Amino acid sequence: ASVNLNAAGAASITTADVFQSGSDNCGTVNQVSVTPNSFTCANTGPNTVTFTANDGKGNTATCSATVTVSDVTPPSVTCKNASVNLNAAGSASITTADVFQSGSDNCGVVNQVSVTPNTFTCANTGPNTVTFTANDGKGNTATCSATVTVSDVTPPTVVCKNATVNLSAAGTVSITTATVFQSGSDNCGTVNQVSVTPNSFTCANTGPNTVTLAVNDGKGNNNTCTATVTVADVTPPSVTCKNASVNLNAAGAASITTADVFQSGSDNCGVVNQVSVTPNSFTCANTGANTVTLTVNDGKGNNNTCTATVTVSDVTPPTVVCKNATVNLNAAGTASITTADVFQSGSDNCGTVNQVSVTPNSFTCANTGPNTVTLTVNDGKGNNNTCTATVTVVDNIAPKMICQPATIQLNAAGQASLTPAQVNGGSFDNCSISNLSVTPNTFTCANQGTNTVTLTGTDPSNNSSTCTAVVTVVDLIAPVAVCKAASVVLGSNGTFTIPASLINNGSSDNCSFNLSVLPAVVTCANIGITTVTLKATDGNGNTSTCTAQVTVRDVTGPNALCKNPTVYLNDEGHVTITAADVDNGSNDPCGILSRTINFTQFNCSNIATPTVVTLTVKDIYNNTSTCLSNVIVKDNLAPTAVCQNATVSLNAAGKVTVYGANLANNSFDNCSVYSYTPIAKIYTTANLGPNNLTITVKDWSGNPATCVSVVTVMPYNSSITNDDRSNQAENTGLDLRLYPNPTAGEAVLAFELPENQDYNLQVTDMTGRVIMRQKQDGVQGENNTLLESNNWPGGVYLIRIESGGVQAQKRLVVVGK
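Within any chain, residue numbers begin from 1 and follow the written order of that chain's sequence. Selection of residues for local features in this predicted model requires a pLDDT of at least 70, selection of side-chain atom pairs for listing and counting requires 80 or more, and totals for whole chains, interfaces and linings are taken over all residues. Side-chain descriptors were evaluated using all non-hydrogen atoms of the structure, hydrogens and water having been removed beforehand.

Here's the deal with the overall build of the protein chain
Then, number 1: Strands are runs of DSSP state E lasting at least two residues, helices are runs of H or I lasting at least four, and both sets are numbered from the N terminus onward. When helices and strands are tallied, the protein chain shows ten helices and 69 strands.
Then, number 2: What the globule rule says is 2.2 Å times the number of residues to the power 0.38, and the radius of gyration is computed from C-alpha atoms. Computed over the C-alpha atoms, the radius of gyration of the protein chain is 72 Å, more than 25% above the 28 Å expected from 2.2 N^0.38 for a compact globule of 817 residues.
Then, number 3: The C-alpha extent of the protein chain, read off along each of the three principal axes, is 190 × 135 × 40 Å.
Then, number 4: Across the 817 residues that make up the protein chain, the buried fraction comes to 38%.
Then, number 5: Any two residues whose heavy atoms approach within 4.5 Å at even a single point are treated as in contact. Sequence-distant contacts, at least 24 apart, represent 59% of the contacts inside the protein chain between residues at least 6 apart.
Then, number 6: For the protein chain, the accessible surface area stands at approximately 41,000 Å², while carbon and sulfur atoms represent 47% of it.
Then, number 7: In this tally Asp and Glu are treated as negative and Lys and Arg as positive; neither His nor the chain ends contributes. Lysine's charge is taken at NZ, arginine's at CZ, aspartate's at CG and glutamate's at CD. Each charge class in the protein chain was averaged separately, 29 positive and 47 negative side chains, and the resulting centres sit 10 Å apart. Buried residues are those whose accessible area, probed at 1.4 Å on protein chains only, stays under 20% of the maximum for their type, while exposed residues exceed 50% and partly exposed ones sit between those limits. Surface accessibility follows the Shrake-Rupley procedure with a 1.4 Å probe radius. Residue values consider only the protein chains on display as shielding.

Take a look at the structure:
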């Protein structure tokens, strides 16, 4: 099949488009589907589709076909007008993008193909119609037209030339366009020289000036070029000099500048530059009048000169450099200096440097340290100078230290301090002792006893010396014992050791101390309130005491100890125990008041697993504790086996079966009879007459007992009484079994029925209360019933089955959780 994409770029087919023919053995061919059945631009060309048909009865068939998808929708395009300028060669061109406005296609592709015409010359100046062509890449095309306006906007070209002109005597000059026009051209016309700007110059323009030459082509297109016009000034300036005076400096030299001798000057352009003065430097040899020449120019290569007289004078004082000095005070505390001690160097441009004086030149202890002194010099020609120096006066004689011993007491805070005066025994210095210090000067309890201290004396020059003294530190302050009441609990051993911290209520001492308690240990004999003494003792043997009321309590339970006894049920299936049976030597340091247990009575239901019994022990102060005992209950009493005799007759096959459970059904046990052996006995013609059958019964503890039944076997079709018939296999044998027994959850009840018949199930506890009663349909052979005893209280239950006038029962022991 073939299909064309619509304007939205989509196409679809139906099953009929690809279905050619079909047949079915029952004549029905249903067109179900064709996949795919819709197409887009992405599917242009051949596409394989799958056609599915069925016969309406669950049978399907498929075939494939090729669907060719075509795009026959041309694109749509819109043009826009454009403008283009001729280039310098008089030509211009355009591209499709210059006139393409917009376009669209059902498949989204619009290719810009061409625009005609696309090149233009001067002959095309103005509007021109062009045609734009586009396609969609699938053979479909579209066109639109646009107007292209061609313009000539190329200005003429022009080349300038540089020129040089001289200012006139009035300082002005002018030029024309021809002065700077070199050449010019235009693609369509003549190059006209229009103007040159600027065209007149003054002294302000001396040197290179940029001018602009303007031209046009007569068609509204203009252009310019620039040239350099150099304006020259060739008129020299005029100048007048003046005389000057100058003083030699400290180096014996002097210099002048042009300004020192320049009086006045003028130039046609107003600029007079002071260029140089020669000579411009002088020494002592030039003292007096000197002729100098001043040279000027106008900055434009024009020079002029004049002369002046410069008078050189020497007024410079000598130079002097001081040096610092250090002098030591003598034993009398005095020192002195001369000018030579502080004179470093000196010079003068014209004479000798004489050392005149230094002030001050004598010092005492009051001058220790740096002192500023002034040195005065002259050059012998009336010129004086000074400099300053630092004279450091040094005292390097240390004080003489003399120590004496001292005794000090610790205060209430456990501290003591020492002053230098307490250990100073008359120390002295050649000047003075400015500072006395003692190390260490503070003491604590750790320093009790003798301590060596160092006394240091320092003079104002920081000279120091030391001596040592012995300082004895004593503590005479006793501790303060402070008590508080407390409550204690005796430990498991019936005693408690009272720590001092328990009754200490902030005891203190200026130093360290130890606390002790008397009596330190309390026992059961102290229960109640007892008085104890707290004693505080410091390191010097100073003591104090206080008393505290201590409440002694016993809150610890006894040490409960259990054992795991084994007890045996009596002939009634019961056993009773006392606390003594599980107690394994429980004890309490203060005495035991009572021992009790939570379980005292046990029965057959307790045989399966040990029973956890809690022993509670109470002391004389009503503190209790417990322990757990696993009481093991056993039954060592054998059942009482009771057998009954039976008369049975052989069946048509010459056989008869009797069951031990029926013959010993009256057997009993303090708990319950669990099994009968043999379960069944088969008699044949060989057993006609009386037969002794020994039956063994066991309780579920495995204790056995036996009895003997006389089973009389009669021939087939013998006449027997109803009492005897009740023991025959057909009526008496249910072969009742119950397992597991004992059980902690479910138990299975299994029994035999001679034919399909109803049976009644009844469960009662040992008090005769009916726990469950059911009537069910039974089948010939073995029947199984699940007893769910999960929610039954632990104990012994009687399970009874009755069917067809025959009954059987078992005891089930349920172990409580």
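Anyway, onward from the coordinates.
Section: the layout of surface pockets
Then, number 1: Both cavities and pockets are sets of points on a 1 Å grid over the protein atoms alone; in a cavity a 1.4 Å probe fits but cannot get out, in a pocket the set is open with protein on both sides within 12 Å along at least five of seven lines, and lining residues sit with an atom within 4 Å of a point. Grid points are joined across faces, edges and corners, and a volume is the space filled by probe spheres set on the points. Taken as a whole, the largest pocket spans an internal volume of roughly 320 Å³.
Then, number 2: Looking at the largest pocket, it is lined by 22 residues, and the ones nearest its centre are Tyr674, Tyr676, Leu736, Arg737 and Lys810.
Then, number 3: Those elements giving two or more residues to the lining of the largest pocket turn out to be helix H8 (660–663), strand E59 (673–677), strand E63 (737–739) and strand E69 (806–814).
Then, number 4: The greatest single-element share of the lining of the largest pocket, amounting to five residues, is contributed by E69.
Then, number 5: Of the residues that constitute the lining of the largest pocket, the class distribution is ten nonpolar, eight polar and four charged. Note on residue classes: Ala, Val, Leu, Ile, Met, Phe, Trp, Tyr, Cys and Pro are nonpolar, Asp, Glu, Lys and Arg are charged, and everything else, Gly too, is polar.

Description of the state of the cysteines
Simply put, disulfide is the name for a covalent bond between the sulfur atoms of two cysteines.
Then, number 1: A pair of sulfur atoms, both from cysteines and within 2.5 Å, is called a disulfide here. Under the counting rule described, the total for this entry stands at 14 disulfides.
Then, number 2: The disulfide partner of Cys403 is Cys467, and the gap between their sulfur atoms is 1.8 Å. With the S-S bond torsion at 80 degrees, the cross-link from Cys403 to Cys467 turns out right-handed. Note that Cys403 is positioned in the loop between strand E38 (384–394) and strand E39 (406–409) and Cys467 in strand E44 (residues 464–474), a separation of 64 residues in sequence.
Then, number 3: On the basis of relative accessible area, Cys403 is assigned to the partly exposed category, the value being 22%.
Then, number 4: The side chain of Cys643 participates in a disulfide bridge whose partner is Cys707; the two sulfur atoms lie 1.7 Å from each other. Across the S-S bond of Cys643 and Cys707 the torsion is about 65 degrees, and the bridge reads as right-handed. Of this pair, Cys643 sits in the loop between strand E56 (624–634) and strand E57 (646–649) while Cys707 sits in strand E62 (residues 704–714), placing them 64 residues apart in sequence.
Then, number 5: Summary of cysteine pairing: Cys63 is not part of a disulfide, and the nearest cysteine sulfur, belonging to Cys26, is at 20 Å.

Topic: the environment of Gly795
Then, number 1: Summarising the element assignment, Gly795 is placed in strand E68 (residues 795–803).
Then, number 2: Overall, Gly795 belongs to the buried group, its relative accessible area being 10%.
Then, number 3: When the C-alpha atoms of Gly795 and Val815 are compared, they prove to be 6.6 Å apart, with 20 residues separating the residues in sequence.
Then, number 4: With residues near it in sequence (within four places) discarded, Gly795 still touches Ser605, Leu812, Val813 and Val814.

A word on unusual backbone geometry
Then, number 1: With an omega of -5 degrees, the peptide bond running from Thr278 to Pro279 counts as cis.
Then, number 2: Within the element layout of this structure, Pro279 appears in the loop between strand E27 (273–278) and strand E28 (281–283).
Then, number 3: The residue Asn462 is not glycine, and still its phi comes out positive at about 70 degrees.
Then, number 4: Take Asn462: it is sitting in the loop between strand E43 (449–458) and E44.
Then, number 5: Judged by relative accessible area, Asn462 falls into the exposed class, the value being 61%.
Then, number 6: Its identity is not glycine, yet Asn622 carries a phi of approximately 65 degrees, on the positive side.
Then, number 7: Relative to the helices and strands, Asn622 resides in the loop between strand E55 (611–619) and E56.

Points about the packing of aromatic side chains
Then, number 1: Think of it this way: a Phe, Tyr or Trp ring, Trp meaning its six-membered ring, pairs with another when their centres are within 6.5 Å, and the plane angle makes it stacked under 30 degrees, edge-to-face over 60, tilted otherwise. Under the criterion given, the structure shown has four aromatic pairs.
Then, number 2: Ring geometry for Phe19 versus Phe51: centroids 5.3 Å apart, planes at 35 degrees, classification tilted. Taken together, the residues span a long stretch of sequence, with Phe19 in the loop between helix H1 (15–18) and strand E3 (30–35) and Phe51 in strand E5 (residues 45–54) at a distance of 32 residues.
Then, number 3: Residue class for Phe51 comes out buried when judged on its relative accessible area of 5%.
Then, number 4: Here Trp792 and Tyr797 contribute two aromatic rings whose centre-to-centre distance is 5.1 Å and whose plane-to-plane angle is 45 degrees, an arrangement assigned as tilted.
Then, number 5: What makes Trp792 buried here is its relative accessible area of 14%.
Then, number 6: Tyr797 gets classed as buried once you look at its relative accessible area, which sits at 5%.
Then, number 7: We call a charge positioned over a ring when the NZ of a Lys or the CZ of an Arg lies within 6 Å of the ring centre and within 35 degrees of the ring normal. A cation sits over an aromatic face here: Lys681 above Tyr683, 6.0 Å from the ring centre.

Looking at the sheet that holds E56
Then, number 1: DSSP-based pairing: two strands are paired if at least 2 bridges between them are found. Taken in spatial order, the four strands make up an open sheet running E51-E56-E55-E53, and their pairing is mixed. The open sheet has two free edges, formed respectively by strand E51 (566–568) and strand E53 (592–597), since each of these has just one partner strand. Looking at each pair of strands side by side, their axes are set apart by 35 degrees on average, direction ignored.
Then, number 2: Note: E55 against E56, eight bridges, orientation antiparallel. Bridge assignment links Leu615 to a residue of E56, and that residue is Cys627. Axes here mean lines fitted to C-alpha atoms, for a helix over just the part in contact, with angles spanning 0 to 180 degrees between N-to-C directions.

Some thoughts on the sheet that holds E39
Strand pairing in a sheet takes place through backbone hydrogen bonds and is either antiparallel or parallel in direction.
Then, number 1: Sheet architecture is open: four strands sit in the order E39-E44-E43-E41, paired in mixed fashion. At either end of the open sheet lies a strand with only one pairing partner, and these are E39 and strand E41 (435–439). When the angles between neighbouring strand axes are averaged without regard to direction, this sheet yields 35 degrees.
Then, number 2: Pairing between E41 and E43: five bridges, direction antiparallel. The partner of Asn435 across the bridge, within E43, is Thr458.

What to know about the nonpolar core
Then, number 1: With 22 residues, the main nonpolar core has Leu615 and Val631 as its most contacted residues.
Then, number 2: Counting residues per element, the ones that place at least two in this core are helix H7 (579–582), E55 and E56. Nonpolar core, defined: a set of buried Ala, Val, Leu, Ile, Met, Phe, Trp, Tyr and Cys residues in which side-chain atoms within 4.5 Å join the residues together.

Examining the pattern of salt bridges
Then, number 1: A pairing counts as a salt bridge when a side-chain nitrogen of Lys or Arg comes within 4 Å of a carboxyl oxygen of Asp or Glu. Taken as a whole, this structure holds four salt bridges when the rule is applied.
Then, number 2: Here Arg595 and Asp583 are joined by a salt bridge, their closest N and O atoms 3.4 Å apart. Here Arg595 is found in strand E53, whereas its partner Asp583 is found in the loop between H7 and E53, with twelve residues between them in sequence.
Then, number 3: A salt bridge links Arg737 to Glu782; the shortest N-O distance between them is 3.6 Å. In this pair, Arg737 sits in strand E63 while Glu782 sits in strand E67 (residues 781–788), placing the two residues 45 residues apart along the sequence.
Then, number 4: Exposure remark for Arg737: the relative accessible area of 28% places this residue in the partly exposed category.
Then, number 5: One salt-bridge network, held together by shared partners, links Arg737, Glu752 and Glu782.

Focus: the side chain of Asn221
Then, number 1: When you line up the elements, Asn221 lands in the loop between strand E21 (207–216) and strand E22 (222–232).
Then, number 2: With residues up to four places along the chain from it excluded, the contact list for Asn221 reads Asp152, Val153, Thr154, Pro155, Pro156, Val215 and Asn216.

With respect to a nonpolar patch on the surface
Then, number 1: Here, patches come from residues exposed beyond 30% relative accessible area and free of salt bridges, joined within 9 Å for like charges and within 5 Å for nonpolar side chains (Val, Leu, Ile, Met, Phe, Trp, Tyr). On the surface, Leu593, Ile620 and Tyr621 cluster together into a nonpolar patch covering about 280 Å² of accessible area.
Then, number 2: Note on placement: Tyr621 falls in the loop between E55 and E56.
Then, number 3: Taking relative accessible area as the criterion, Tyr621 reaches 34% and is therefore assigned partly exposed.

Quick word on the side chain of Asn510
Then, number 1: Among the secondary structure elements, Asn510 is positioned in the loop between helix H6 (500–503) and strand E47 (513–518).
Then, number 2: For Asn510, the side chain forms a polar contact with the main-chain oxygen of Asn411, separated by 3.1 Å.
Then, number 3: Pairing of N or O atoms within 3.5 Å defines a polar contact, subject to two protein rules: one partner must be a possible hydrogen donor and the other a possible acceptor, and residues neighboring in sequence count only if both atoms are side-chain atoms. A distance of 2.9 Å separates the side chain of Asn510 from the side chain of Asp475, its partner in a polar contact.

Overview of the pairing of strand E7 (residues 76–79)
Residues in a regular strand project their side chains so that they alternate between the two faces of the sheet.
Then, number 1: Judged by which residues are buried, E7 turns out to be one-sided: Val77 and Cys79 face inward and are buried, whereas Ser76 and Thr78, on the alternate face, are not.
Then, number 2: Judged from the four bridges that link them, E7 and strand E10 (residues 100–104) form a sheet pairing that is antiparallel. Along E10, the bridge assignment pairs Val77 with Gly103.

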